[in-house]
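# Survey of secondary and tertiary structure
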Amino acid sequence: MTQNINAEIISIGTEILLGEITDTNSVHIARSLRDIGINLYFMTSVGDNEQRITDAIQSALSRAQVVITSGGLGPTIDDMTRQGVAAATGRKLVFHQHLLDKIAERFTGFRAVMTENNRRQAYLPEGAILIENSVGTAPCFIVEHEGKIVISLPGVPREMKFLLAEQVIPFLSERYQLGIIKAHILRTAGVGESALDDLIGVDLLEASNPTVGLAAHSGVVDIRITAKADSAEEADAMISIVESKLRHRVGEYIFGTGKETIEGALIQHMAEHGATLALCETGIGDAVSKRLKLVSAYPSVLSAEYAYNDPDVLRGLLGESPEAPLQDIALRIAEKIAREASATVGIAVVSDPHQAEDHGDDEVGTAVAVYSDGQSSSRVYGFGGQADVARAWTSTWAMARAWQMLQGKENVT
């Protein structure tokens, strides 16, 4: 019988809280735990402060059977994980001469002089199980406490990944009767997160196993199905049942699975159906075309491509005044280029190249329009071509809307 084991990850280091480094360790540990069927409900980051580390570990032990710390095992005065674990589990630190000898050997192998502060690394919480660190100098350890365990790993990613795979995962797999956790992602476009939530229904969204969750991106919403089972085959079967229900309810919005992209789905559909594309990008560089060019079939569906630096050029082509709204310009250009190139789809992105962040005026930001077979759809954003998010948001929306219009769906906002 598979045990239901909960874990918590604590990343330790003030540099994480200051934003000086990105905590990739927790992400890697989380995926590794998922793959062996251990639940993860909390991840915590804490600075180099002994009391706060102690508090974080005690809190984690109050709600999880397995606590994994990363970082704070070095030789400097601000490496306080050993003290934190000892205090949280009511133990003292014990010096181990053989650990200091091992550390000294590694320094000799590096042809470096071991400083006195490395002596700190030879202290472990009383009764701790040593994890031999063959790829670094910091000894790691496991402390068993009242039926639960604390596992302390180094913060250096290379060392952490090696020890996790070689020693920690085997230890956990042997200690507990674990199944597996598998995840499957359905990718949707052309529907908002709240609308998708409503269409899926509470019976699936509130189910415990498999679980169904939503993750919204710029113009795309992922549906994640996660199943916990004794075997991969059983998890796949559970996921398949839920996926069938989801496809019945929201299948019209699903363009792919896993890591498939909206640009790939759009170009593939166009290539398969002999559809063609006309594209015009103004004031925003190659926001759409850069992504479409990643798809090998893109040249075969491209009828025409235009690029301009300023919306006023388009206003001149259309005979519009300088005050003409960007959304109106985008709508007219999308239709114009589609008709002139005899293309199935016309996409126009028109942006103020001098504006960056959103200042609340949609008329001087970025407009996107898609035209196909007499139908038009458009959207306007308050940020301009210099905004960091402009390229991602506008390109994704344009491709998602084009894909959906080609599916023959008209009930999408």
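Above this note sits the structure.
A brief look at the structure comes next. The model shown is predicted, which means the values in this text are computed figures rather than measured ones.

### Description of the pairing of strand β13 (residues 277–282)
- Counted residue by residue, β13 has six buried out of six residues, so it is predominantly covered.
- Here β13 shows no split at all, with L277, L279 and E281 on one side and A278, C280 and T282 on the other all buried.

### Points about helix α4 (residues 81–88)
- Of all eight residues in α4, six are buried; the element is thus mostly enclosed.
- Listing the buried residues of α4 in full gives T81, R82, G84, V85, A86 and A88.
- Taken from the residues just after α4, G90 is the one with a positive phi, measuring 70 degrees.

### What to know about the sheet that holds strand β7 (residues 140–145)
- Within the open sheet, the six strands sit side by side as β2-β1-β3-β8-β7-β6. Their pairing is mixed. If you trace the sheet from one side to the other, it starts and ends with β2 (39–46) and β6 (129–131), each paired once. The mean angle between the axes of side-by-side strands here comes to 20 degrees, regardless of whether they run parallel or antiparallel.
- In this structure, β7 lies alongside strand β8 (residues 148–153), joined through five bridges in antiparallel fashion. When the bridges of β8 are listed, V143 appears paired with V150.
- Seen against the sheet, helix α3 (residues 50–61) touches β1 (6–12), β2, β3 (66–70), β7 and β8 and runs at an angle of roughly 170 degrees to β1.
- Here α4 sits on the sheet and contacts β1, β3, β7 and β8; the angle it forms with β7, its principal contact strand, is near 10 degrees.

### Brief notes about the nonpolar core
- Among the nonpolar cores identified, the biggest contains 45 residues, and V66, I151, L153 and L172 are the most heavily contacted of them.
- If we ignore the near neighbours within four places in the chain, the residues touching L172 are L33, I36, I38, V66, I149, I151 and L178.
- Core analysis: the next-biggest nonpolar cluster, separate from the first, contains 35 residues, L279, L292, V368 and M399 among them.

### Looking at the packing of helix α10 (residues 262–272) against helix α15 (residues 390–406)
- One way to put it is that α10 packs onto α15 with a least axis distance of 9 Å and a crossing angle of 35 degrees. In this structure, α10 meets α15 at a crossing whose hand is left-handed. For the pair α10 and α15, the contacting residues are I262, E263, A265, L266, H269 and M270 in the first and T396, M399, A400, A402, W403 and L406 in the second.
- Across the contact of α10 with α15, the residue classes tally to nine nonpolar, two polar and one charged.

### Observations concerning the pairing of β1
- Of all the seven residues making up β1, seven are buried; the element is thus mostly covered by neighbouring parts of the structure.
- Of the two faces of β1, the one carrying N6, E8, I10 and I12 and the one carrying A7, I9 and S11 are both buried.
- Pairing of β1 with β2 involves seven bridges; the strand directions are parallel. Each residue of the ladder has a partner; that of I9, found in β2, is M43.
- Pairing between β1 and β3: five bridges, direction parallel. Across the sheet, S11 pairs through a bridge with S70, a residue of β3.

### Brief notes about the environment of L18
- In this structure, L18 sits in the loop between α1 (14–17) and α2 (24–35).
- Each C-alpha atom, one on L18 and one on G47, is 9.1 Å from the other, the two residues being 29 residues apart in sequence.

### Re α15
- In this model, α15 (17 residues) spans 24 Å end to end at C-alpha, consistent with the 24 Å of a helix rising 1.5 Å per residue.
- Extensive coverage of α15 is indicated by the burial of 14 of its 17 residues.
- One or two positions beyond α15, positive phi appears at G408, with a value near 85 degrees.

### Section: the sheet that holds β13
- Strand order in the open sheet formed by five strands is β14-β13-β15-β16-β17, with mixed pairing between adjacent strands. Edge positions in the sheet fall to β14 (302–308) and β17 (375–381), since each has one partner strand and no second. Each strand of the sheet is rotated relative to its neighbour by a mean of 10 degrees, with strand direction disregarded.
- Helix α14 (residues 326–340) contacts β13, β14, β15 (345–351), β16 (366–372) and β17 of the sheet and is inclined by roughly 35 degrees relative to β16.

### What to know about the side chain of E8
- Within the element layout of this structure, E8 appears in strand β1.
- Judged by its relative accessible area of 1%, E8 is buried.

### Topic: the packing of aromatic side chains
- If you walk through the whole model with that rule in mind, you get four aromatic pairs.
- A ring pair is formed by F255 and W403, whose centres lie 6.0 Å apart and whose planes are at 70 degrees; its orientation type is edge-to-face. Of this pair, F255 sits in strand β12 (residues 254–257) while W403 sits in helix α15, placing them 148 residues apart in sequence. Judged on exposure class, the residue F255 and its partner W403 are both buried.
- Between Y381 and W393, the aromatic rings sit 6.4 Å apart at their centres with planes inclined by 65 degrees, giving edge-to-face as the arrangement. Of this pair, Y381 sits in strand β17 while W393 sits in helix α15, and the two are 12 residues apart along the sequence.
- Judged by its relative accessible area of 6%, Y381 falls in the buried class.
- Put simply, the rings of Y381, F383 and W393 touch in pairs and so form one group of aromatic residues.
- In this structure, R63 is placed above the aromatic ring of F42, and the distance from its NZ or CZ to the ring centre is 3.9 Å.

Each value, and the rule that gives it
Residues numbered from 1 in each chain as written. Predicted model: local features only at pLDDT ≥ 70, side-chain atom pairs only at ≥ 80, totals over all residues. Heavy atoms only, no water. Buried < 20%, exposed > 50% of the residue type's maximum accessible area, 1.4 Å probe, protein only. Helix = DSSP H or I, 4+ residues; strand = E, 2+ residues; numbered from the N terminus. Pairing = 2+ DSSP bridges. Axes fitted to C-alpha atoms, helices over the stretch in contact; angles between N-to-C directions. Contact = heavy atoms within 4.5 Å. Core = buried A, V, L, I, M, F, W, Y, C linked by side-chain atoms within 4.5 Å. Left-handed = near helix turned anticlockwise from the far one by under 90°. Nonpolar A, V, L, I, M, F, W, Y, C, P; charged D, E, K, R; others polar. Expected span 1.5 Å × (residues − 1). Phe/Tyr/Trp six-rings, centres within 6.5 Å; stacked < 30°, edge-to-face > 60°. Lys NZ or Arg CZ within 6 Å of the ring centre and 35° of its normal.

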